[in-house]
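# Results of the structural survey
Below are the chains, spelled out letter by letter.
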Amino acid sequence: MNLSLQRYYSVAAGMLLVSGLSACGSAPADETARAEQLYQTCAPCHGDAGLGTDTPDATTATPAIAGMPAWYITAQVHKFRDGARGKHPDDLEGLRMRPMARYFRTAEDLAVVADYVESMTPLQSSSSVDGDAGKGAGLYATCTACHQADGSGMEALGAPPLTQTQGWYLVAQLQKYKEGIRGADPNDISGATMR
């Protein structure tokens, strides 16, 4: 190999090394900006901080999603996108969510936004429903098999954590399961378990 060709390769290798090292330093900032940009599809309903709304008004209610595990966010977006959830005519929130789920066209985009949602500070709120906590504790015993006694959930069973979910949302979803509005699609295995 002649000397000028060796210099060319040396300079090219050096440039690649420098650009690679500089990219390593800027990747997290770029990834955060990308995540924030992708999340803007979610923000109009779930809020900039992912805290949803505090009231169960059927026309505007949205659940808090901040801090929810990425695996759960990913699974639910797939269900909405694929029609296993949110296509029943009585599921107003689900019908609004289905077209939003289609925004994430690649698995990578969905993974980025799901990780971003998981990194958000979870909702810390008091109960938004009236009820008998003592009686509820007895009824919750059935739920512990999947959601665990402390409500932390279990990924292996597709059971999300319940500890940061608003009470009104839990009540609404349980009602949907009971009425077959949610969990009735044959492709929704975890939903069928909930029913």
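Residues numbered from 1 in each chain as written. Predicted model: local features only at pLDDT ≥ 70, side-chain atom pairs only at ≥ 80, totals over all residues. Heavy atoms only, no water.

Glancing now at the confidence of the model for the chain. Of all residues in the chain, 81% attain a pLDDT of 70 or more, and the chain-wide mean is 84. In the model, residues 3-27 has pLDDT below 50 throughout and makes two contacts with residues more than four positions away in sequence or in other chains. (pLDDT = per-residue confidence, 0-100. Contact = heavy atoms within 4.5 Å.)

So, on to the packing of helix H3 (residues 70-82) against helix H5 (residues 107-119). Helices that pack against each other are described as a pair by the angle of their axes relative to one another and the distance between those axes. For the pair H3 and H5, interaxial distance at closest approach is 8 Å and the crossing angle is 130°. On the basis of their axis angle, the class for H3 and H5 is oblique. For the pair H3 and H5, the crossing hand works out as right-handed. Of H5, the residues touching H3 (which contributes Ala70, Ile73, Thr74, Val77 and His78) are Leu110, Ala114, Asp115, Val117 and Glu118. Within the contact of H3 with H5, the residues separate by chemical class into six nonpolar, two polar and two charged. (Axes fitted to C-alpha atoms, helices over the stretch in contact; angles between N-to-C directions. Helix = DSSP H or I, 4+ residues; strand = E, 2+ residues; numbered from the N terminus. Parallel < 35°, antiparallel > 145°, perpendicular 65-115°, else oblique. Left-handed = near helix turned anticlockwise from the far one by under 90°. Nonpolar A, V, L, I, M, F, W, Y, C, P; charged D, E, K, R; others polar.)

Buried residues are scarce in helix H6 (residues 133-140), accounting for zero of its eight residues. In this structure Asp132 caps H6, since a side-chain oxygen of it lies 3.0 Å from the backbone nitrogen of Gly134. (Buried < 20%, exposed > 50% of the residue type's maximum accessible area, 1.4 Å probe, protein only. Polar contact = N/O pair within 3.5 Å; in protein donor to acceptor, adjacent residues only side chain to side chain.)

On to the state of the cysteines, then. In total, this model carries zero disulfides according to the counting rule given. Cys45 provides the cysteine sulfur closest to Cys42, a residue in no disulfide bond, and the two sulfurs are 8.9 Å apart. Among the residues examined, Cys45 registers a relative accessible area of 37% and is labelled partly exposed. (Disulfide = S-S within 2.5 Å.)

Secondary-structure assignment places Lys176 in helix H8 (residues 167-179). Beyond its immediate sequence surroundings of up to four residues, Lys176 is in contact with Asp91, Glu93, Ile181 and Arg182.

On to the nonpolar core. Counting residues in hydrophobic clusters, the biggest one holds 22 residues, and the most contacted among them are Tyr39, Ile73, Val77, Phe104, Val113, Val117 and Met120. Contributions of two or more residues to this core are made by helix H1 (3-39), H3 and H5. In this structure, Ile73 is in contact with Ile65, Met68, Ala114 and Val117, ignoring residues within four places of it in sequence. (Core = buried A, V, L, I, M, F, W, Y, C linked by side-chain atoms within 4.5 Å.)

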